[in-house]
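In case you want the letters, here they are:
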Amino acid sequence: MTDLLPSETRATGPAIGTPASGIFVQTPSQTVGPFYGYALPYDKGPELVPGHHPHAIRLHGTVTDGAGEPVIDALLEIWQADGEGALSSELGSLDRDGFTFTGFGRAATTMAGHYTFTTVKPGPVAGHAPYVLVTIFARGLTHHLFTRVYFEADTALLATDTVLAQVPADRRSTLISVQDGPASYRFDIRLQGEGETVFLDFDA
Amino acid sequence: MPHDTLPAPARGSGQESQDSVTAEIRAIEADAARRVQQGGSPELHPRRDYPPYRSSLLRHPTHELVRVDPEEVERVSPAFGHTDVNVLESDLTIQHVGEPLGERMTVSGRVLDGEGRPVRHQLVELWQANAGGRYVHKRDQHPAPLDPNFTGVGRVITGDNGEYKFTTIKPGAYPWKNHVNAWRPAHIHFSLFGNAFTQRLITQMYFPGDPLFALDPIYQSIADPAARARLVGTYDHDLSVSEWSIGYNWDIVLTGPKATWMEGEDAHD
Ligand SMILES: [Fe+2]
């Protein structure tokens, strides 16, 4: 059936350097809406490693709006390197085998606006300060938001991080999680207003 | 944006009329058109701060996004494949004992990057209301019937040419509480992964000729008419199957890798 698609005649294989034709303009984003709860979350989505993993950490926090109210219908995704700084290309993020670390997780916020991931603290990739990439979707967000979770213990690497250097000094702390237990890190996300989290856009 | 020209009533009360919301929509669209006339790039994406969509009022960031170079983490993406998605998950009409009510349809197309290259072997997720406009979601209070033979969730892994295909039923329009008598045009929610995490996209596909387009603050949050038209699938008679299903085509283009000839980046963000 695919040989009947009109698009088949437009783009076959790599088209690097092709002049702008208007065909490959981005598809716009739309809000995830309120009703993804039976569709996108999945079994063990928030558990990148089992809780009994020797290096398991809790990464958690609350998502709040411009009035300070908890956002009870946000969906968060994380993507990160493993403890040694390696990025996984293993299958199995959706159908976890309880052993393979795939680096991807998905969690919906609770009725209190709280989210929790069980994962490992990432190692540095290419010598940079380690971080967890977070993507936030919610009703009311017409487009997702990206941010990064850094770790306060990585003092030396944080001090020389080029991305943190681009962030106004008084907002930098919004990107750095706070250790609130032996293996627990808190990262609250404020969508708007006082203490608004720094959100990132990538020159990709 | 000319906030001072917008109507003043209690935004977000849910009590405003369609006419007043439509007036806001048209004012923002006119503002966007003026910017293009003055040499600006058309807005490719919805505005994050889009008052006609009341839920955006307290949820959009007020600071500019900080634009940074992606590192390796953002330049790659999780891998999904046959161990994650069963091939049967692309057919939403065979998930129960009986067949769902509604107009059986297929939606197929390709997932491409900004240079027209196929996004191969990546995850596409889809969810939707049933033919009556009701979601299988506990917070959906629309008094339309659930269909015991329809859940409305599908997944597929794209093929070697970035192609995907779902079999489903056409979703119904449904009411929501943005304002009085607010109705969402029929749509299917899509979630997409690219080869880089920066390409991540969640969006909605619409159906051609829907009379609700002009009234819907979510569709209209994309201020440029040509940009929002990219969300409307194309009816393709060659994709319809005789005595079986109606066929729509919808190609999806993810961001990047951004090339210098790409115009209209970050017009609003
Ligand atoms: Fe919807």
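Everything quoted here is computed from the prediction, not taken from an experiment.

A word on the overall build of chain A
Within chain A, the secondary structure is distributed over 2 helices and 10 strands. Along chain A, helices and strands appear, N-terminal first, in the series β-β-β-β-β-β-α-α-β-β-β-β. Buried residues in chain A amount to 55% of all 204 residues. In chain A, the proportion of contacts linking residues at least 24 apart, taken out of those at least 6 apart, comes to 70%. Entry remark: accessible area of chain A is about 8100 Å², with carbon and sulfur atoms responsible for 55%.

Focus on the interface of chain A and chain B
Much of the literature gives interface size as the accessible area that the parts lose upon coming together. Opposite the 86 residues of chain A that make contact, chain B presents 95 residues. Of the roughly 8400 Å² buried where chain A meets chain B, counting both sides, 58% is carbon and sulfur surface. Three residues, Q26, Q30 and Y38 of chain A, lead the burial of chain A against chain B; their summed loss comes to 11% of the area buried on that side. One can count 7 salt bridges joining chain A with chain B. A salt bridge links R67 of chain B to D203 of chain A; the shortest N-O distance between them is 2.7 Å. Of all elements in the fold, only β2 (74-79), β3 (104-108), β5 (131-138), β6 (145-151), α2 (162-166) and β10 (200-202) of chain A reach the threshold of two or more residues within the side of chain A that touches chain B. The greatest single-element share of the side of chain A that touches chain B, amounting to 5 residues, is contributed by β5 of chain A. Here the side of chain A that touches chain B is built from residues that sort into 47 nonpolar, 24 polar and 15 charged.

Describing empty space enclosed by the protein
Evaluation of the coordinates by the stated rule reveals 2 cavities of 30 Å³ or more. Considered as a void within the structure, the second largest cavity measures approximately 40 Å³ in volume. Taken together, the residues that form the lining of the second largest cavity break down as 5 nonpolar, 5 polar and no charged.

Observations regarding the coordination of the iron ion
Any two of four tetrahedral donors ideally make an angle of 109.5 degrees at the metal, while pairs among six octahedral donors ideally make 90 or 180 degrees. Residues and elements named next belong to chain B. Note on the iron ion: its protein donors are Y135 (OH), Y174 (OH), H187 (NE2) and H189 (NE2). The metal-donor distances range over 1.9 to 2.2 Å. Taken together, the 4 donor atoms coordinating the iron ion and their angles of 91 to 159° define a geometry best described as irregular. Sequence positions of the donors to the iron ion reduce to the motif Y-x38-Y-x12-H-x1-H. Note that Y135 is positioned in the loop between β3 (123-127) and β4 (153-157) and H187 in strand β8 (residues 187-192), a separation of 52 residues in sequence. The same class applies to Y135 and to H187, which are both buried.

Examining the packing of aromatic side chains
Going through the model one piece at a time under the given rule, you end up with 25 aromatic pairs over all chains. Measuring from centroid to centroid gives 5.7 Å for F104 of chain A and F80 of chain B, while their planes differ by 80°, and the two rings are edge-to-face. Taken together, the positions of F104 of chain A in strand β3 and F80 of chain B in the loop between α2 (72-75) and β2 (104-112) put the pair across two chains. Lying over the aromatic face of Y131 of chain A, R148 of chain A brings its terminal NZ or CZ to 3.9 Å of the ring centre.

Some remarks on the confidence of the model for chain B
Confidence in the prediction for chain B averages 92 pLDDT; 91% of positions are at 70 or higher. Taken over the whole predicted complex, pTM reads 0.91, whereas the ipTM for its chain interfaces reads 0.91.

What to know about the UniProt feature "domain: Intradiol ring-cleavage dioxygenases" (unreviewed entry) in chain A
UniProt feature "domain: Intradiol ring-cleavage dioxygenases" (unreviewed entry): in the numbering of this structure it lies at residues 33-193 of chain A. Annotation note: span residues 33-193 of chain A, helix share 6%, strand share 33%, distance between end C-alpha atoms 22 Å.

Here's the deal with the nonpolar core
The biggest cluster of nonpolar side chains holds 38 residues, and the ones touching the most others in it are Y164, F166, F190 and I252 of chain B. Those residues in contact with I252 of chain B that lie beyond four places of it in its chain are T27 of chain A together with R110, V111, L112, Y164, F190, L192 and L201 of chain B. The next biggest cluster of nonpolar side chains, apart from the first, holds 29 residues, and it includes I78, F101, V134 and F199 of chain A.

Here's the deal with the sheet that holds strand β9 (residues 201-206) of chain B
Residues and elements named next belong to chain B. Here we have 4 strands laid out as an open sheet, ordered β4-β3-β8-β9, and antiparallel in their pairing. The outermost strands of the open sheet, each flanked by one partner alone, are β4 and β9. With strand direction ignored, the average angle separating the axes of adjacent strands in the sheet is 20°. With 4 bridges joining them, β3 and β8 adopt antiparallel strand pairing. Bridging from a neighbouring strand, L126 pairs with F190 of β8.

Quick notes on the pattern of salt bridges
The full count for this structure, using the stated rule, is 27 salt bridges over all chains. Note that D188 of chain A is salt-bridged to R190 of chain A, the shortest N-O span being 4.0 Å. Exposure remark for D188 of chain A: the relative accessible area of 23% places this residue in the partly exposed category. A relative accessible area of 33% places R190 of chain A in the partly exposed class. It is possible to trace a salt-bridge network through shared partners that takes in E77 and R106 of chain A together with E89, E125, R155 and R200 of chain B.

About the thresholds
Residues numbered from 1 in each chain as written. Chains lettered and ligands numbered in written order. Predicted model: local features only at pLDDT ≥ 70, side-chain atom pairs only at ≥ 80, totals over all residues. Heavy atoms only, no water. Helix = DSSP H or I, 4+ residues; strand = E, 2+ residues; numbered from the N terminus. Buried < 20%, exposed > 50% of the residue type's maximum accessible area, 1.4 Å probe, protein only. Contact = heavy atoms within 4.5 Å. Areas by Shrake-Rupley, 256 points an atom, 1.4 Å probe, with all protein chains shown as cover. Buried area = accessible area lost by both parts, 1.4 Å probe. Salt bridge = Lys/Arg side-chain N within 4 Å of Asp/Glu carboxyl O. Nonpolar A, V, L, I, M, F, W, Y, C, P; charged D, E, K, R; others polar. 1 Å grid on protein atoms, 1.4 Å probe; cavity = no way out; pocket = protein on both sides within 12 Å on 5 of 7 lines; lining within 4 Å. Points joined across faces, edges and corners; volume = space filled by probe spheres on them. Donors = N, O, S within 2.8 Å, 3.2 Å for Na, K, Ca; no water. Tetrahedral: all angles 85-135°; square planar, octahedral: opposite > 155°, others 65-115°. Phe/Tyr/Trp six-rings, centres within 6.5 Å; stacked < 30°, edge-to-face > 60°. Lys NZ or Arg CZ within 6 Å of the ring centre and 35° of its normal. pLDDT = per-residue confidence, 0-100. UniProt positions renumbered as here; feature names shortened; annotations may be inferred. Core = buried A, V, L, I, M, F, W, Y, C linked by side-chain atoms within 4.5 Å. Pairing = 2+ DSSP bridges. Axes fitted to C-alpha atoms, helices over the stretch in contact; angles between N-to-C directions.

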